[in-house]
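Structure assessment
Spelled out from the first residue to the last, the chains are:
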Amino acid sequence: MRYNKEKKVKKEVTAAMNHTARKVSMYTLMALLLVATAVMVFLSVLSYDRTTQREARAAALGNMSARIESRGKQLRLILEDRLDALEGVAGTLQGRPGDAEDLATLLRAPARAMGLQWLCFAGADGQAVRDDGEVLDLSGLSCFQRALAGESLLCDGEGDYAGYLLLAVPVGDGEGALLGMQNMAGLGRDLFPGGINVCLLRADGRILTAAPESPLANRVGENLYDMLQVDGAAAEAVSAGETTIQRGSSAMGDFYAVCVPLGTESNWLLCGLIPVSALETQFSFVNEAAFVLEARLGLCALVLIALVAWFSWASNRRLRAEKLRLEWSEERYRILAEDSNEVIWEYDVLNDQLRLGENFAYIYGHEGAHTIEELLDNAHPQEREHLAQVFNALRTGAGSETHATVDFRVRMGAADSARYTWCRAHMSVLFDGRRRRRWLIGKLTDISQERLNAERLEKRARTDALTGLLNRAGLEDAIRMRLEGGPRRKCAVVLLDIDDFKEINDFYGHDVGDDVLRTLADFLRGHFRGTDIVGRLGGDEFMALMEGVDSAERLMHALTRLKQGLARLHAGEVRVGCSAGAALFPENGNSFDALYKSADVALYNAKRAGKGRFSLFAEEADFSPTPQALEHMEYAAYVVDPRTRELLFANAKMCARFPNLRPGEKCYRALMDGAEAPCEGCDAKALLAQAREGAADGGALCGEWLRASLTPVRWPDGREALLFTCKRG
């Protein structure tokens with residue numbers, strides 16, 4: 001007793017210690033999560049601060065760059081306007097003679113209007129006279145030479161004209177050039193008002209002019225790239241005409257340099273200098289707003305951490321309660337599943353583990369599989385491949401399907417057992433939190449009785465209730481599958497019809513007639529081989545397909561044996577007599593419909609020759625012109641008595657073309673083409689005579705309404721007649 005009590009106390013202490021350890025572990029994990037959350041919030045706030053400063057700086061530089069680009073466009077337009085005005089003046093000088101004094105007087109007003117120091121005309125030799133009378137030699141200037149070649153341009157001066165802006169336009173075709181000069185300092189005063197740090201550069205970085213109040217005004221002629229210590233790659237980009245923003249340091253302080261190409265022939269650049277301190281002052285309000293936002297984010301993070309902690313605690317309580325309810329639900333399900341014919345299963349896709357319900361062994365007589373491959377081994381070989389394809393598509397995601405239903409046979413009993421039963425597998429895919437296919441769940445349902453009932457219903461739908469043979473639908477499907485599905489081996493179709501069956505029903509009654517049908521069906525079932533197809537078309541007509549009959553001789557031999565067997569057939573006191581027609585596949589038809597028509601024609605010929613006759617289908621050369629045979633023709637046909645011009649027969653294709661045709665009536669145009677008088681000049685007797693002699697290869701009974709081939713035939717009643725076969729139109 002004491003030992004049991006100590007054991008119980010020890011067990012309770014161990015459980016309490018385990019519970020405490022679990023709680024400590026949970027709280028430690030929560031503390032680590034909270035610390036990690038705080039660190040992430042701090043890093044996020046720091047990253048946000050840096051990103052905000054970087055984006056604000058980029059926005060300020062972009063704004064300044066846009067201003068410099070706008071000023072550059074204005075400068076380019078001003079210079080282009082001056083150049084256009086100079087070209088207008090050059091147009092007035094073209095071909096106009098005059099001495100140097102007259103030219104100087106003429107050019108003085110345009111020079112003052114454009115703010116130029118002087119404006120002169122230089123001839124082809126480069127000699128020019130300014131408006132103050134000074135003689136200039138401009139032949140050595142490259143600007144003059146390019147203008148003399150026909151080019152209008154702006155360029156900075158060279159040699160004695162260094163520090164000046166030269167404007168040059170051609171006059172006439174090689175007559176000379178018009179040149180104007182403006183001091184670069186004056187240009188900066190005119191073009192850069194407002195005192196911003198803007199300067200005009202050459203492509204190599206040398207400063208041409210700058211705004212008067214700019215620190216760069218005293219550094220004209222120096223290299224801006226060297227002054228700001230811009231690296232070589234940036235200098236090359238600026239020289240190539242790209243808009244660039246570079247940070248540099250000089251004796252004047254730290255600056256951002258924004259350089260924009262002007263797009264002129266001289267490849268000049270407009271460059272603006274922005275002090276770093278001034279730029280930071282512009283977006284200081286952004287930093288203040290970012291600090292306020294960071295403080296708010298931090299406060300929100302603390303509140304969020306507190307909420308997460310509370311929700312974690314509450315969720316832990318809910319999870320424990322849910323786990324207990326789940327255990328109860330699973331136990332209830334296990335008790336219900338033990339007495340059910342449905343097996344619940346689940347498959348772990350990642351671990352390739354299959355778990356079948358405990359009642360699998362009770363229903364199917366062997367232990368359940370543990371993998372998909374083992375389950376496939378238990379499936380019937382005929383359905384195994386399809387089942388594997390469905391499983392692979394669901395677990396690998398090869399298709400978009402997430403549900404599937406498959407009927408297959410599963411083995412019953414031991415591994416060496418050959419007994420299988422039908423079951424239906426319903427399958428569904430479950431995804432994990434990462435949207436991966438994680439589980440396949442489903443159930444196996446025994447449908448053996450359902451399949452058995454379906455097979456019985458299908459067999460009943462395809463079987464004749466009176467004779468037990470295939471009915472018309474089943475017979476047609478079976479023969480079509482034989483002709484179309486398998487190799488084209490030769491075979492034959494036999495169509496049988498009971499002689500005087502109507503008289504048997506009328507004299508003996510329908511019960512005896514049913515006995516006759518059953519007797520004939522039993523005979524045919526026993527006479528033909530198991531590979532042959534036998535069925536009842538309906539009424540007193542039966543059909544059989546005989547395998548292995550590859551010639552007319554073998555077919556005739558088979559019909560002779562069939563005829564001999566039928567000669568001794570009786571149903572009680574009533575003798576069962578039959579007539580039959582047969583056709584070969586594929587000589588007499590390559591489809592069920594064609595073979596049926598051929599056998600029907602042969603049967604008609606056999607019945608016309610007398611009862612109990614068996615006949616083979618004859619080709620068109622041996623063709624007997626009976627209404628039955630003409631109805632099965634592939635083309636329109638009609639028969640006329642040449643003596644009375646009476647229409648004896650017209651098949652369905654003919655009547656479809658001419659609905660007014662009526663057999664038994666005289667041949668009037670009203671029957672054919674709507675005329676009311678008899679055919680004039682229609683000599684049917686002459687056509688018959690010509691057809692006998694082979695002289696008539698075509699004609700028409702009623703004028704030219706239809707071309708037809710003529711054949712002299714003897715109608716079943718003994719009369720000579722003309723057969724018109726309309727193969728050509």
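Residues numbered from 1 in each chain as written. Predicted model: local features only at pLDDT ≥ 70, side-chain atom pairs only at ≥ 80, totals over all residues. Heavy atoms only, no water.

The protein carries the name GGDEF domain-containing protein in an unreviewed UniProt entry, which gives Candidatus Pullichristensenella stercorigallinarum as its organism.

Further remarks concern the packing of aromatic side chains. Counted according to the given criterion, the structure contains five aromatic pairs. Each ring, one from Trp345 and one from Phe391, has its centre 6.0 Å from the other, and the planes form 70°; the classification is edge-to-face. Here Phe391 lies in helix H11 (residues 381-396) and Trp345 lies in strand S12 (residues 342-348), a separation of 46 residues in the sequence. Taken as a pair, Trp345 and Phe391 share a single burial class, namely buried. Where Phe507 meets Tyr508, the ring centres are 4.8 Å apart and the plane angle is 80°; that geometry is what we call edge-to-face. For Tyr508, a relative accessible area of 35% translates into the label partly exposed. Note that Arg451 overlies the ring of Trp422, its terminal NZ or CZ placed 3.8 Å from the centroid. Lying over the aromatic face of Tyr596, Arg472 brings its terminal NZ or CZ to 5.5 Å of the ring centre. (Phe/Tyr/Trp six-rings, centres within 6.5 Å; stacked < 30°, edge-to-face > 60°. Helix = DSSP H or I, 4+ residues; strand = E, 2+ residues; numbered from the N terminus. Buried < 20%, exposed > 50% of the residue type's maximum accessible area, 1.4 Å probe, protein only. Lys NZ or Arg CZ within 6 Å of the ring centre and 35° of its normal.)

The topology assignment puts Gly468 in the loop between helix H12 (448-461) and helix H13 (472-485). By relative accessible area, Gly468 is classed as partly exposed at 46%. Here the alpha-carbon distance between Gly468 and Gly535, two residues 67 residues apart in the chain, equals 8.7 Å. Here Gly468 is in contact with Thr463 and Arg525, once residues within four sequence places are set aside. (Contact = heavy atoms within 4.5 Å.)

Locating Ser615 in the fold gives a position in strand S23 (residues 614-616). With near-sequence residues (within four places) excluded, Ser615 lies in contact with Ala580, Gly581, Ala582, Ala602, Asn605 and Ala606.

One pass over the full model with this rule turns up 26 salt bridges. With a shortest N-O distance of 2.2 Å, Arg438 and Asp348 are connected by a salt bridge. In this pair, Arg438 is assigned in strand S16 (residues 437-446) and Asp348 in strand S12, connecting sequence segments 90 residues apart. One connected set of salt bridges, linked through shared partners, spans Asp407, Arg424 and Glu450. (Salt bridge = Lys/Arg side-chain N within 4 Å of Asp/Glu carboxyl O.)

With that out of the way, let us pick up the UniProt feature "transmembrane region" (unreviewed entry) in the protein. Within this numbering scheme, the UniProt entry marks residues 27-48 and 295-315 as carrying the feature "transmembrane region" (unreviewed entry). Between the C-alpha atoms that bound residues 295-315 the distance is 30 Å, and the span itself is 100% helix and 0% strand. (UniProt positions renumbered as here; feature names shortened; annotations may be inferred.)

What the five strands build is an open sheet, ordered S18-S19-S17-S22-S23; its pairing is mixed. Edge positions in the sheet fall to strand S18 (533-538) and S23, since each has one partner strand and no second. The mean angle between the axes of side-by-side strands here comes to 20°, regardless of whether they run parallel or antiparallel. Pairing geometry for strand S17 (residues 491-498) and strand S22 (residues 578-585), over eight bridges, is antiparallel. Its bridge partner lying in S22, Ala492 is registered against Leu584. Packing against the sheet, helix H17 (residues 592-609) makes contact with S17, S18, strand S19 (541-547), S22 and S23, and its axis sits at approximately 140° to S22. (Pairing = 2+ DSSP bridges. Axes fitted to C-alpha atoms, helices over the stretch in contact; angles between N-to-C directions.)

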